[in-house]
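# Examining the three-dimensional arrangement
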Amino acid sequence: MKLPIDLQFLRRPFERRTPPGSAPGTASKPEEEVASRIHVLAFGPDDFEETEIDSVEEARDYLGSYDVTWIHIHGLGNTAQLRQLADMFDLHPLVYEDILHPHQRAKAEEYGDYAFIVVRMVEIHPHLDTQQLSMVVGDNFLLSVEEASGHDRLEPVRERLRNRIGRIRQMNSDYLSYALMDSVIDHYFPVVESFGDRLDVLDDPLAAGYTHDIIPQIQKISSDLLTIRRNLLPHREAIRNMMGARFTRYSDNTTVFLRDADDHTSQLLDAIDAYRQICSDMRDFHFALTSQRANEVMKTLTIIATVFIPLSFIAGVYGMNFHYMPELAWPWGYGFAWAVMLSVAGGLMAWFYTRGWFKE
């Protein structure tokens, strides 16, 4: 039975592209040259328009014409467009720096007329990776900037807007940012649950005594779960910060829904902790099983050695080749020696049996 094994621990390292000691707000060009796409979705209770535009100036036509204008940037390759957007919305240099440097932990901050929110999206394709989604939430607009991702975590929110599902078309930009954050967090559930399925697959061969290549796989699962936990835990801190009295950008109606997102985050963290405990228990079981097998081998070797020590002694005595040894001239000496050795061996085996050494 050969289990698949993948020992490539893919991790995005913590990378600051600005030199140490740079002035706050210093931004550098992303290393990944992924072309930026601008997607605009403007709506109100009775109005809706969705389009892709080529320039930042085209986005100005939508601002103020609808109750909420959602401008989404996919990819960080076009820094000139991002700079124009930063100037158009008068973003703080620290906000612009955090958008361009996608290694931020999840957080929520207020900057005067707008709020800046960072969430991290998780995906496995084929390895675990996280992507940053930055959001700037104003009175009647939402600017979101996403790294190049293989999966669109925000499409369910767009479908709700297109088909007028729920209350999202009647709500403001703060509720839209909550909906995006909630969609990102909800996509953690299938990823976390997939680790539970992988542990179930490993459980049966481990219980059957097959341990080859299992421990590296368990270690990788535990490491991936720890990575997810490190990325998910700041979300709960950010959500609770947004629910606090000092965070004024969100209305009371939206704050009520943030409690649900906080609950989902807590459920995910509990599930991750449970799966990591299962990983630890499986490792302990493996080491206990290995130790038990070693003990069985040592017990067998001990029995063999104990039986042959007296036999070797008897054979050694009569192998000394002294001339005057009475038993050497005795006609029954050879048979008597064999009888003594067999009796000693049989007696020892019987004693071991009474001690339970031959029982499982």
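Residues numbered from 1 in each chain as written. Predicted model: local features only at pLDDT ≥ 70, side-chain atom pairs only at ≥ 80, totals over all residues. Heavy atoms only, no water.

### Here's the deal with the environment of S183
For clarity, the cut-off: Under the DSSP-based scheme used, a helix requires at least four consecutive residues in state H or I and a strand at least two consecutive residues in state E, with every element numbered from the N terminus. Contact criterion: two residues are considered in contact whenever any of their non-hydrogen atoms come within 4.5 Å of each other.
Tracing the chain through its elements places S183 in helix α4 (residues 173-186). Not counting residues within four places of it along the chain, the set of residues in contact with S183 comprises R153, L154, P156 and V157.

### Brief notes about the pairing of strand β3 (residues 68-74)
Our working definition: Note on exposure labels: buried denotes an accessible area under 20% of the residue type's maximum, exposed denotes more than 50%, and partly exposed covers the range between, all computed with a 1.4 Å probe on protein chains only. The criterion for strand pairing is that DSSP finds at least two bridges linking the strands in question.
Within β3, seven of the seven residues are buried, leaving the element largely enclosed by the surrounding structure. Bridge count between strand β1 (residues 37-43) and β3: seven bridges; the pairing is antiparallel. By the bridge assignment for β3, F43 is matched with V68. Here β3 pairs with strand β7 (residues 141-146) via six bridges, running parallel. Bridge pairing in β7 places I73 opposite V145.

### A word on the packing of aromatic side chains
The following threshold applies: In this analysis, rings of Phe, Tyr and Trp, with Trp reduced to its six-membered ring, are considered paired at centre separations within 6.5 Å, and the interplanar angle assigns stacked below 30 degrees, edge-to-face beyond 60, and tilted for intermediate values. Criterion for a charge above a ring: Arg CZ or Lys NZ at most 6 Å from the ring centre, at most 35 degrees from the ring normal.
Applying the stated criterion to the full structure yields six aromatic pairs. With a centroid separation of 5.8 Å and an interplanar angle of 15°, the aromatic rings of Y111 and Y114 are classed as stacked. The same class applies to Y111 and to Y114, which are both buried. On the numbers, 5.8 Å between centres and 35° between planes, the contact of Y178 with F257 is tilted. Placement of Y178 in helix α4 and of F257 in helix α7 (residues 252-317) is noted, with a sequence separation of 79 residues between them. When its relative accessible area of 5% is taken as the criterion, Y178 is described as buried. Aromatic rings pair up to connect Y175, Y178 and F257 into one cluster. Lying across the ring of Y96, R83 places its NZ or CZ 4.2 Å from the centre.

### What to know about unusual backbone geometry
Its identity as a non-glycine residue notwithstanding, D90 has a phi of 55°, on the positive side. Examined against the element boundaries, D90 turns out to sit in the loop between α1 (79-88) and α2 (93-100). In this structure, R164 is a non-glycine residue whose phi angle is positive, near 55°.

### Quick word on a negative patch on the surface
The condition that has to hold: To count toward a patch, a residue needs a relative accessible area over 30% and no salt bridge; like charges are then connected within 9 Å, while nonpolar side chains (Val, Leu, Ile, Met, Phe, Trp, Tyr) are connected within 5 Å. In short, Shrake-Rupley with a 1.4 Å probe defines the accessible areas, and a residue's cover is counted only from the protein chains shown. Criterion for a salt bridge: a side-chain nitrogen of Lys or Arg within 4 Å of a carboxyl oxygen of Asp or Glu. Counted as positive: Lys and Arg. Counted as negative: Asp and Glu. His and the chain ends are not counted at all. We put the charge of a Lys on NZ, of an Arg on CZ, of an Asp on CG and of a Glu on CD.
A cluster of like negative charges, contributed by E193, D197, D200, D203 and D204, occupies part of the molecular surface. You can see E193 is positioned in helix α5 (residues 188-207).

### Regarding the confidence of the model for the protein chain
Inclusion rule: Along the chain, pLDDT gives the predictor's confidence residue by residue, from 0 to 100.
For the protein chain, per-residue confidence averages 83 on the pLDDT scale, and 88% of positions sit at 70 or higher. Across the protein chain, α4 holds the top mean pLDDT of 94, while helix α8 (residues 333-354) sits lowest at 82. Between residues 1-13, whose pLDDT stays under 50, and residues either more than four places distant or in other chains, the model counts 36 contacts.

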